[in-house]
Amino acid sequence: MQNNFIRVWKYPVLLAALTVFGLLAALAGTGIWHLLSWLALAVPVASCIRFGFFPGRGIGVKKTT
Amino acid sequence: MDVSKKTVRAWFEVHKWTSLICTLFLLMLCITGLPLIFYEEINHLAGNEAEAPEMPLGTPRMKIDDLLVSARKTYPDNVIRYVYWEEDHPNIVTVSMADSIDAPPTVANLVAIDERTGAVLKQPKFDEGFMYAVYKLHVDMFAGIIGKLFLGLMGLLFVVAIISGIMLYSPIMRKFNFGMVRTEKSSRLKWLDMHNMLGVVTLAWALVVGFTGVINTTSEIVLGLWQVGQLSEMVAPYKDAAPLEGDLSPLEDAIEVTQAKEPEMHVSIVAYPGTMFTSKHHYAVFVRGNTPMTSRLIKPALIDAKSGALTDMRTMPWFVNALFLSQPLHFGDYGGMPLKVLWTLFDIVTIIVLISGLYLWFARRKAQLARIEELEEREIAVPA
């Protein structure tokens, strides 16, 4: 149960954390902070493109049946 | 039905109903939001923005009171209500005028002036054209504060829809991999997977932009609370003072005395006595900091417009600062062009999530209706 929760939420939580970091980083400063912000926010956007345009089985430890 | 199945069912109902109510409005908000991300750029291209000509670095600025003469010449029968400086438009001061000091807030004749020469660069128009219509649709659907608060309510439903969507994600994805999109079975299944995947990937962005949008709809309420709270405390000693008469003290001095108190900050906007951001006796000089964050957290100083003395300066209360910080987080205008492009992509993904959600509801209904019909036909064919 516990493991399954982590398995389901591992990537969504990671992406949410990157998003929140990206949103706040650009507010915290300019220069390097802006760059970090763009990089962090590009990850969820890239994920949408990857899984949306190249649909498939997704990623995870467990094999789907 | 066991408890967990019942819970899932309940979240499904919450997700369905909150989404159904808010989706069309959210679609409108997402679509009008797209051009608004590039409001500055579009305004610039449309030639509705003042541009200061190149001059040698360090060309001295004229005194603000002398610059204001240009504004008064442009609209001789108007009064000055606000004077402001924009971070990304150096060497330009903009004067907002109206036929009377207590004209409605929507009335503003703007004059953009070159700070070095006093030349009128532009009389920007903000209340006409395509972008204004898009802006009004997005903010209040041309329905004033009622429309604004209504959109706030839709935003709240959107936030609840996202949260209920999160609650549904666990049971749906229990046996599946993250990012899975099944294309081989049916279009409904494909779009269900797409909806879930795009929704979960962008949920933090949608929550932040949705919730800060809701906060932005409370701007009139926040202003009112500030007026009856901090502002009235700050001007309390002037409650029974005689009305202002004659010439006001020089604005240049008011700004100087404020800068002396906060040398690290820059003047962002000055409100003239009698406007909604100050008393009938004070200039309110608002200063801002230098980072993307502190530039939003403006701080008011009140300057007696007769004696020129600074009577009070405070930090804004938390709920005003919360509104100020909600603005960039909603607009996406605080991290250069790459952030705006990312904002656009997130917005497009949200539009896909909304439309696919709507499609899934239709498709599900159709499937359910078909099943009921089938059962009914069977009943008729084989009477029990």
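Residues numbered from 1 in each chain as written. Chains lettered and ligands numbered in written order. Predicted model: local features only at pLDDT ≥ 70, side-chain atom pairs only at ≥ 80, totals over all residues.

Novice: Looking at this structure, how should I read the domain arrangement of chain B?
Specialist: By convention, interface size is frequently given as the accessible area that disappears when the constituent parts associate. Residues and elements named next belong to chain B. Assigned domains within chain B: domain 1 (3-41 + 134-216 + 338-381) and domain 2 (52-129 + 218-330). Centre-to-centre, using C-alpha coordinates, domain 1 lies 41 Å away from domain 2. Residue-level contacts link eight residues of domain 1 with nine residues of domain 2. Put simply, the parts of the chain that give the side of domain 1 that touches domain 2 at least two residues each are α5 (144-173) and α7 (203-216). With six residues, α7 is the largest single contributor of residues to the side of domain 1 that touches domain 2. (Domains from an automatic or database assignment. Contact = placed C-beta atoms within 7 Å. Helix = DSSP H or I, 4+ residues; strand = E, 2+ residues; numbered from the N terminus.)

Novice: Sorry if this is basic, but what is going on with the interface of chain B and chain A here?
Specialist: Across the boundary between the two partners, chain B contributes 34 residues, which contact 32 residues of chain A. When contributions to the side of chain B that touches chain A are tallied by element, the ones reaching two or more residues are α5, α6 (187-201), α7, α10 (318-331) and α11 (336-381) of chain B. At seven residues, the largest contribution of residues to the side of chain B that touches chain A is made by α11 of chain B. Class assignment of the residues belonging to the side of chain B that touches chain A gives a composition of 25 nonpolar, eight polar and one charged. (Nonpolar A, V, L, I, M, F, W, Y, C, P; charged D, E, K, R; others polar.)

Novice: I would appreciate a short explanation of α5 of chain B in the present structure.
Specialist: The periodicity of an α-helix, 3.6 residues per turn, causes residues three or four places apart in sequence to face the same way. Here α5 of chain B spans 43 Å end to end across 30 residues, near enough to the 44 Å set by a 1.5 Å rise per residue. Along α5 of chain B, the positions that sit buried rather than exposed are Leu151, Met154, Gly155, Leu157, Phe158, Ala161, Ile162, Ser164, Gly165 and Met173 of chain B. (Expected span 1.5 Å × (residues − 1). Buried ≥ 20, exposed ≤ 12 C-beta atoms within 10 Å, placed from the backbone.)

Novice: Whenever I open this one, the pairing of strand β2 (residues 92-98) of chain B confuses me. Can you help?
Specialist: Along a regular strand, successive side chains alternate from one face of the sheet to the other. All names here are of chain B. In terms of burial, β2 is a largely internal element, seven of the seven residues being buried. Of the two faces of β2, the one lined by Ile92, Thr94, Ser96 and Ala98 and the one lined by Val93, Val95 and Met97 are each fully buried. As judged from the six bridges shared by β2 and strand β3 (residues 109-114), these two strands associate in the antiparallel manner. Residue pairing across strands places Ile92 opposite Asp114, the latter belonging to β3. (Pairing = 2+ DSSP bridges.)

Novice: Help me understand unusual backbone geometry in this model?
Specialist: Among all residues except glycine, the phi angle is most often negative; among peptide bonds, the trans geometry is most common. All names here are of chain B. Positive phi is not limited to glycine here, since Asn91 has a value of about 70°. Its location among the elements puts Asn91 in the loop between β1 (79-84) and β2. Unusually for a residue other than glycine, Phe142 sits at a positive phi of about 60°. Within the fold, Phe142 resides in the loop between α4 (130-140) and α5.

Novice: So what exactly am I meant to see when it comes to the sheet that holds strand β6 (residues 282-288) of chain B here?
Specialist: The strands making up a sheet are joined through hydrogen bonds of the backbone, oriented either antiparallel or parallel. Residues and elements named next belong to chain B. If you trace the eight strands from one edge of the open sheet to the other, you get β4-β3-β2-β1-β5-β6-β7-β8, paired in antiparallel fashion. The strands lining the two open edges of the sheet, one partner per strand, are β4 (120-122) and β8 (310-313). Mean inter-strand twist for the sheet, computed between neighbouring axes without regard to direction, equals 30°. (Axes fitted to C-alpha atoms, helices over the stretch in contact; angles between N-to-C directions.)

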